[in-house]
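One letter stands for each residue in the lines below.
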Amino acid sequence: EVEVEVNDSLMRFFDHCAKFVALVEENDTAMCQVNAFKEGPEMKKVLEKVASALCLPVEELNADLVQVAFLTCSYELAIKNVTSPWCSLFSEEDAKVLEYLNDLKQYWKRGYGYDINSRSSCILFQDIFQHLDKAVEESKSSKPISSPLIVQVGHAETLQPLLALMGYFKDEEPLLATNFARHAQRKFRSGRIVPYAANLVFVLYHCDHANASQEEYQVQLLLNERLLSFHHSNETTSTYTDLKDYYKDILENCHFKEECELPKVNVTAVDEL
């Protein structure tokens, strides 16, 4: 039997971050880039094509309705391996436009759009390193590792901000309603970063024959069962000491309560974020 602890304050940190809830989650203006893209030329072209295929006046369709049809196609293909009739409405180019629409939403709501999106996840990031620290301490003391495996279960909304906090999949130019064409080769593709059953694994190694004491403990990082390269070395293996040094600012100076406190002055979301 496995004992399961529900810890929403850790795994659903976004619900407990007042600044994120007020200035992003419940603030319509925070998604201005998403809304602008829905009214832009790329989406207009897709709307016209879908309306023609369905023999409907284009005025009876909008970006949200077309996105529902596209997601229905996507879900049936991904979950049931069935090609839905809705898929026939879209070409590969249409799919790229609708993928970008979803990526825009994830970028501005869970990714790099606003600092609070990722900063609110530092409570989870620090918790991960607390577990790793404990394992290192027990190993150095020749004690049995009390928790050799720790599994924490959340959502894509949990994982996407954490990866942004760590600096992964960040493009030089932000995702905007006006730069769809320039982002054809973008790093930030939410469907690849957090697909179904997305997972992030920290693996801590004790190396018995290390050449130096700082090399005794090493780490690998896997996203969706694939090794990630570390930013500080561009290697897929890092000493635990180097990894902690690289993220020292987040580990020591990111405090959830202060990060998530609502601003006391009356400013707009754009000014604050």
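Below, the structure is looked at part by part. Just so it is clear, the model here is predicted, and its values are computed rather than measured. (Residues numbered from 1 in each chain as written. Predicted model: local features only at pLDDT ≥ 70, side-chain atom pairs only at ≥ 80, totals over all residues. Heavy atoms only, no water.)

Moving on to the pairing of strand β2 (residues 217–223). A large share of β2 lies buried, amounting to 7 of its 7 residues. Of the two faces of β2, both are covered, the one formed by Tyr 217, Val 219, Leu 221 and Leu 223 as well as the one formed by Gln 218, Gln 220 and Leu 222. Pairing of β2 with strand β4 (residues 238–239) involves 2 bridges; the strand directions are antiparallel. By the bridge assignment, Val 219 is partnered in β4 with Ser 238. In this structure, β2 lies alongside strand β3 (residues 226–227), joined through 2 bridges in antiparallel fashion. When the sheet's bridge partners are listed, Leu 222 is paired in β3 with Leu 227. Hairpin remark: β2 followed by β3, antiparallel, with 2 residues in the connecting loop; positive phi at Asn 224, about 50 degrees. (Buried < 20%, exposed > 50% of the residue type's maximum accessible area, 1.4 Å probe, protein only. Helix = DSSP H or I, 4+ residues; strand = E, 2+ residues; numbered from the N terminus. Pairing = 2+ DSSP bridges.)

Here we take up helix α4 (residues 41–53). The terminal C-alpha atoms of α4, which comprises 13 residues, lie 19 Å apart, in line with the 18 Å expected from a rise of 1.5 Å per residue. Looking only at α4, the buried set comprises Met 43, Val 46, Leu 47, Val 50 and Ala 51. Looking down the long axis of α4, one finds its buried residues gathered within 130 degrees of arc, a one-sided arrangement. Across α4 from its buried face, at more than 90 degrees, point the exposed residues Pro 41, Lys 44, Lys 45 and Ser 52. Remark: Cys 55 follows α4 within two positions and exhibits a positive phi of approximately 55 degrees. (Expected span 1.5 Å × (residues − 1). Arc of directions from axis to C-beta.)

Applying the stated criterion across every chain yields a total of 15 aromatic pairs. Between Phe 13 and Phe 14, the aromatic rings sit 5.5 Å apart at their centres with planes inclined by 80 degrees, giving edge-to-face as the arrangement. On the basis of relative accessible area, Phe 13 is assigned to the buried category, the value being 0%. Aromatic side chains Trp 108 and Tyr 114 sit 5.3 Å apart centroid to centroid with 65 degrees between the ring planes, which places their arrangement in the edge-to-face category. Look at Trp 108 and you get buried, because its relative accessible area is 12%. (Phe/Tyr/Trp six-rings, centres within 6.5 Å; stacked < 30°, edge-to-face > 60°.)

Let us look at the packing of helix α8 (residues 122–140) against helix α9 (residues 156–165). In contact at an axis separation of 9 Å, α8 and α9 are set at 80 degrees when each is read in the N-to-C sense. Judged by the angle between their axes, α8 and α9 are roughly perpendicular. Listed contacts from α9 to Cys 122, Leu 124, Phe 125 and Ile 128 of α8 are Thr 158, Leu 162 and Leu 165. Partitioned by chemical class, the residues of the contact of α8 with α9 number 6 nonpolar, 1 polar and no charged. (Axes fitted to C-alpha atoms, helices over the stretch in contact; angles between N-to-C directions. Parallel < 35°, antiparallel > 145°, perpendicular 65-115°, else oblique. Contact = heavy atoms within 4.5 Å. Nonpolar A, V, L, I, M, F, W, Y, C, P; charged D, E, K, R; others polar.)

It is worth spelling out the pattern of salt bridges at this point. Scanning all chains against the criterion turns up 14 salt bridges. When the shortest N-O distance is used, the salt bridge between Lys 109 and Glu 25 registers 3.5 Å. Of this pair, Lys 109 sits in helix α6 (residues 92–109) while Glu 25 sits in helix α2 (residues 18–25), and the two are 84 residues apart along the sequence. Among the ionic pairs, Glu 259 bridges to Arg 119, the shortest N-O distance being 2.8 Å. Of this pair, Glu 259 sits in helix α13 (residues 256–259) while Arg 119 sits in helix α7 (residues 115–119), and the two are 140 residues apart along the sequence. Overlapping salt bridges, with partners in common, bring together Glu 99, Asp 103, Arg 186 and Arg 189 in one network. (Salt bridge = Lys/Arg side-chain N within 4 Å of Asp/Glu carboxyl O.)

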